[in-house]
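Examination of the molecular architecture
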Amino acid sequence: MPRPARGHPPGPGHPPAPGHRPAAEARRFLRGRRRALVALAGWSLAESAHTFLGGYAVARALDDGFLAGAPWTGTGWLAAAAAAALLGAPALRGVFTGLAGVVEPLRDALVRRAVDGALSAALTRPARSADTAAVSRVTQQAELARDSAAGLLLTARAFVFTALGALVGLAALAPALLAVVLGPLLLGAALFAATLAPMAALQRAWLDNDEALSARAGELAGGLRDVAACGAGPWMTARTAGPVAEAERLGIRLARWAALRTLALGVAGRLPVVALLVAAPWLLERGVSAGALAGALTYLLQSLLPALHTLMSALGTAGTRLLVVLERFPPSPVPPPPAPAPTCPPRPAPPASPDPRPDADARPDADARPDPDADLRPDTAPASTPPPPTPSAAPPARLVPAAELRGVTFAYGPRARPVLRDLDLVLEPGEHLAVVGPSGIGKSTLVALLAGQVDPDRGTVLVAGRPARPAGPRPAGARPGPDPRRTLLPQQAYVFTGTVRENLDHLGPGPAADSRLRQAVEALGLAALVDRLGGLDAPVDPERLSQGERQQLALAAAYVTPAPLLLLDEATCHLDPRAEERAERALADRPGTLVVVAHRISSAARADRVLLLDGTRAVCGTHEDLRRSSPAYRELAGVWEATEDDG
Ligand SMILES: Nc1ncnc2c1ncn2[C@@H]1O[C@H](COP(=O)(O)OP(=O)(O)OP(=O)(O)O)[C@@H](O)[C@H]1O
C-alpha cells in the first residue's frame, strides 16, 4: 500500500556542505604531492632558460652584432636563441609528465569521493531518490576539475618561471630597465588580485541562486496546466520574482567586477610597454644601449605579457570554475564533528500542584486488573531487577518522565551513517508529541528505540525511568508478554481471526471490563462497525475489513490497554482526516503519553509539541513556534497543506 504523499524541503542540486573548504583541501592535497611538484618545477626551470636567452640574445645580436657592423656575430646570437627554443621542447615534455603526476591523482581522488558519497547516501537513506548528480560528478565534473587544475597549474608555473627568466634577463641587460617596468607590472597584478575573492564569491552566489531558480521553475513547471486552469499566474510570478531579481542583481555586479578585471589586465599588460617607450630617452642617457632596449621589449612583448595575460585569464575562468566544481564534491570522508546536541527538553514544569497520582511509585499488582488510572502510574522496577539509572537531572518535585532520550546516537550497522545523532528528548507524563520529518529521516527508528526494539549505539533511552530495553534475562516470576510500560501501533494494523472483544483487549495484561471496551468503542467512533459485526462477541474476519477499519480496531485496542506510553507509527495513515482527528483526540485524552509519527499537518498541529527530525538537526517546539522559527518545518507544512487541500 503506497504511503501518503509527503515531501521534504527542496534544496539546490548539491550545495556545498557546511564547513567544506575546497581551498584548504587543495592545499592539503598539494602538500601530499611534493615530489611531483618538485619535478614540475625542475622542468619548468629548464624551460625558462629559453625565455632568458630570448631577450638577452636579441640585445647581444644588436649591440655586439648588427649595430657594431658584425652581422655574423648578430646572426650567431639569434641562432643561439633559436637553439634554446628548440632545446626547450624536451623540457616541455617533462613539464607535462610532471603535471600528470599532480592532476591525475586529483581526478582519481575526486571520483573516489563522489562514488563514496553516493554509495553511503544510498545505503543510509535508501528511501531518498537516487543521487543522479553523482553520475555527473564521477564523469563530467571530475574531468572538468582535472582539466581546470591542469590549466591553472600550467599557466601559474609558466608565469612564475617566465617572469623569473625575464626579470633576470632585464637585470642582466640593465638594472634601470627593471625600475621602469616593475611598477606598472605590480600595480596591474595587485589590481587583478583584488578582484579575485569578490568575483569568486559573486560567482558562487550566482550559481546557488541559479540552482534555486531552476529548482523552483522545475517545481512550478510540473503544475503549469493547473496554474493556468486556476488563474494562479500572479501567484507563480510572485514565487519566482525573488530569484529572478536576484539573478539580475548578481549579473550586474559580476559585469562591474569583470570590467575592473579588464582594466587590471590593461594596466599590467600595456602600461610597462608604454613606460619603457616613454622612459627610453632617460634610459639611453643613462647608458642603456639600443640593443638592451630592444631586448627589454622582447621580454615584455614576447614572454612576460603573454604569460601574465594567460595567467589572469586562467585564474579568472579555470580558477573560479575549479573552485565551484570542487564545492560540488562531498567533503573528504573525515568523521564529521559532533553535531550540536539537538534537544527536546521537557516542557516547563507545571505550577507546583499535588501529584495527581499520590502513590506513583507504587508498583501495580501484577495479577489483578487495576483500575485504568492506577495502571497509568510510571512502572517502577521490581525488587529483583537492578536499580534503574536515576534521572539525576530531574528536580525532586518532578514526575518521572514518561520517556527520555539522552545523547542518543543510532546507526543500522557499524559503518552506516547514524540515523539519529546526539538526540535528547524528554517526554512528560500525559504529553502528546508529534514526530515529523522527511521520508527516511528516522521517525520510525526513534519510535523503535522508545519501544525497546533496538538499542542505541550511544546514549540512553529510558521509559518510565528504566531502560527501554532492559538488559539480561527476565526476572523470576515476571509474566511473559508485551512490556506493560508501552504499546506500539505500527502502520500495518494487527487484527486477527477472533471475536471483537479479543481484538480489543489482547494488548492488556488480562481481560478488560465490558465498560472499558464500550468506552473505547465510543471514543473511537466504532459503534456502527461493532454493531455491523454483531457486537463484542461476534467473530472478526480481518479479510472482510478495510484497512481503515482494521486500523480503527487496533487503535481501540491501544485505547483499552493500560500502557502509560502509546507509540503510533503512522497508525492512522488509512483513516480520513476526521476519523484520524477523533482517534488522536481520544488517545490523547486517555491518561498517558502519546507519541504520534504524523503524516498530516493537522495531526502535528493537535500535538502539545512537535519534534522535527531533519538530518542531524532536530528541533522541537509547539506547532506555532516551529512555523515561526523553522524554515524546514514551514516547507514541510506547506507541502502537507497542499496535499491535504488536494485531498
Ligand atoms: N532495518 C534497517 N536496516 C538498515 N537501514 C534501515 C533499517 N530500517 C530503516 N533503515 C534506514 O534508516 C533510515 C531511517 O529510517 P526510518 O524508517 O526510521 O525513517 P522514517 O523517517 O520513519 O521514514 P518514513 O517516513 O519513510 O517511514 C532510512 O534511511 C532507512 O532506510
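Residues numbered from 1 in each chain as written. Predicted model: local features only at pLDDT ≥ 70, side-chain atom pairs only at ≥ 80, totals over all residues.

1. Things to note about the overall build of the chain
For the chain, the helix and strand inventory stands at 19 helices and 13 strands. In the chain, buried positions account for 36% of the 647 residues. At a minimum sequence separation of 6, the contacts of the chain that also span at least 24 residues come to 77%. (Helix = DSSP H or I, 4+ residues; strand = E, 2+ residues; numbered from the N terminus. Buried ≥ 20, exposed ≤ 12 C-beta atoms within 10 Å, placed from the backbone. Contact = placed C-beta atoms within 7 Å.)

2. Structural notes on the environment of alanine 150
Following the sequence through the fold, alanine 150 ends up in helix H4 (residues 133-173). Its 20 C-beta neighbours within 10 Å are what place alanine 150 among the buried residues. Along the chain, alanine 150 and leucine 106 lie 44 residues apart, while their C-alpha atoms are 9.9 Å from each other. For alanine 150, the contacting residues outside a window of four places in its chain are Leu99 and Val103.

3. Thoughts on the UniProt feature "transmembrane region" (unreviewed entry) in the chain
UniProt marks residues 36-57, 77-103, 149-170, 176-197 and 263-284 with the feature "transmembrane region" (unreviewed entry), using the numbering shown here. For residues 176-197, the helix share is 100%, the strand share is 0%, and the end-to-end C-alpha distance is 34 Å. Annotated as residues 263-284, this span is 95% helix and 0% strand, and its ends, taken at the C-alpha atoms, are 30 Å apart. (UniProt positions renumbered as here; feature names shortened; annotations may be inferred.)

4. Observations regarding the sheet that holds strand E4 (residues 432-436)
Strand order in the open sheet made by the six strands is E7-E10-E11-E4-E12-E13, with mixed pairing throughout. The strands lining the two open edges of the sheet, one partner per strand, are strand E7 (486-489) and strand E13 (617-621). Strand after strand, the sheet turns through a mean of 15° between neighbouring axes, direction not considered. Where E4 meets strand E11 (residues 593-597), four bridges bridge the pair, whose relative direction is parallel. Among the inter-strand pairings, valine 435 is bridged to a residue of E11, identified as valine 597. (Pairing = 2+ DSSP bridges. Axes fitted to C-alpha atoms, helices over the stretch in contact; angles between N-to-C directions.)

5. Structural notes on the pairing of strand E10 (residues 565-569)
With five of its five residues buried, E10 lies for the most part within the structure. Of the two faces of E10, the one carrying Leu565, Leu567 and Asp569 and the one carrying Leu566 and Leu568 are both buried. As judged from the five bridges shared by E10 and E11, these two strands associate in the parallel manner. Directly across from aspartate 569, in E11, lies its bridge partner valine 597.

6. Some thoughts on the packing of helix H5 (residues 175-221) against helix H7 (residues 233-278)
The contact between H5 and H7 brings their axes to 8 Å, and the two run at 165°. Our classification of the angle between H5 and H7 gives roughly antiparallel. Between H5 and H7 the crossing geometry is left-handed. Of the residues in the contact of H5 with H7, the class split is 34 nonpolar, six polar and six charged. (Parallel < 35°, antiparallel > 145°, perpendicular 65-115°, else oblique. Left-handed = near helix turned anticlockwise from the far one by under 90°. Nonpolar A, V, L, I, M, F, W, Y, C, P; charged D, E, K, R; others polar.)

7. So, the nonpolar core
Counting 80 residues, the largest nonpolar core has Val435, Leu450, Leu555, Ala556 and Leu567 as the members making the most contacts within it. Sorting elements by how many residues they give to this core places helix H15 (residues 547-560) first, with eight residues. Apart from residues lying up to four places away in sequence, alanine 556 is in contact with Leu504, Ala520, Val521, Leu524 and Leu526. Formed by 62 residues, the second largest nonpolar core is a distinct cluster that contains Trp43, Leu99, Val103 and Val181. (Core = buried A, V, L, I, M, F, W, Y, C linked by C-beta atoms within 7 Å.)

8. Comments concerning the packing of H15 against helix H16 (residues 577-589)
Relative orientation of the contacting elements H15 and H16 amounts to 10°, with a least axis distance of 10 Å. One way to sum up the angle between H15 and H16 is to call them roughly parallel. Along its contact with H15, which presents Gly548, Gln552, Leu555, Ala558 and Tyr559, the element H16 presents Ala579, Ala583, Ala586 and Leu587. Classifying every residue of the contact of H15 with H16 by side-chain character gives seven nonpolar, two polar and no charged.

9. Points about H16
Under the 1.5 Å per step criterion, the end-to-end length of H16 is 18 Å for 13 residues, consistent within 8% with the ideal 18 Å. Within the sequence span of H16, burial applies to Glu580, Ala583, Glu584 and Leu587. The buried residues of H16 all sit within an arc of 95° when viewed along its axis, so they share a single face. Relative to its buried face, H16 has exposed residues pointing more than 90 degrees away, namely Arg578 and Asp589. Next to the buried residues of H16 lie helix H13 (514-524), H15, E10, E11 and helix H17 (601-606). (Expected span 1.5 Å × (residues − 1). Arc of directions from axis to C-beta.)

10. Observations concerning H13
Considered for burial, the residues of H13 that qualify are Arg516, Leu517, Ala520, Val521 and Leu524. Projected onto a plane normal to the axis of H13, the buried residues spread over an arc of 140° and lie on a single side. In H13, the exposed positions that point more than 90 degrees away from the buried face belong to Asp514 and Ser515. Positive backbone phi, approximately 70°, marks glycine 525, located one or two places after H13.

11. Side note on the environment of valine 435
Tracing the sequence through the fold places valine 435 in strand E4. The class of valine 435 is buried, set by 29 C-beta atoms lying within 10 Å. Considered as a pair, valine 435 and valine 447 are twelve residues apart in the sequence and their alpha carbons are 9.1 Å apart. For valine 435, the contacting residues outside a window of four places in its chain are Lys443, Leu446, Val595, Val597, Ala598, Leu611 and Leu613.

12. With respect to the confidence of the model for the chain
Residue-level pLDDT values for the chain average 78, and 79% of them are 70 or greater. When the criterion is pLDDT under 50, residues 1-19 qualifies, and its contacts beyond four places in sequence or with other chains add up to 29 contacts. A low-confidence stretch, residues 333-342 (pLDDT under 50), is modelled with 13 contacts involving residues beyond four sequence positions or located in other chains. The ipTM for the predicted assembly is 0.97, set against a pTM of 0.47. (pLDDT = per-residue confidence, 0-100.)

13. Overview of unusual backbone geometry
The phi torsion at alanine 464 lies on the positive side, around 50°, for a residue other than glycine. Along the chain, the position of alanine 464 falls in the loop between strand E5 (458-463) and strand E6 (466-467). Here the phi dihedral of glutamate 570 falls at roughly 55°; this positive angle occurs in a residue that is not glycine. For glutamate 570, the position within the fold is in the loop between E10 and H16. Looking at glutamate 570, the number of C-beta atoms within 10 Å reads 21, which means it is buried.

14. Describing the environment of valine 530
Along the chain, valine 530 falls in helix H14 (residues 527-533). Sequence separation of valine 530 and leucine 553 is 23 residues, and the distance between their C-alpha atoms is 9.4 Å. If we skip the residues at most four places from it in the chain, valine 530 touches Val500, Val521, Gly535 and Leu536.

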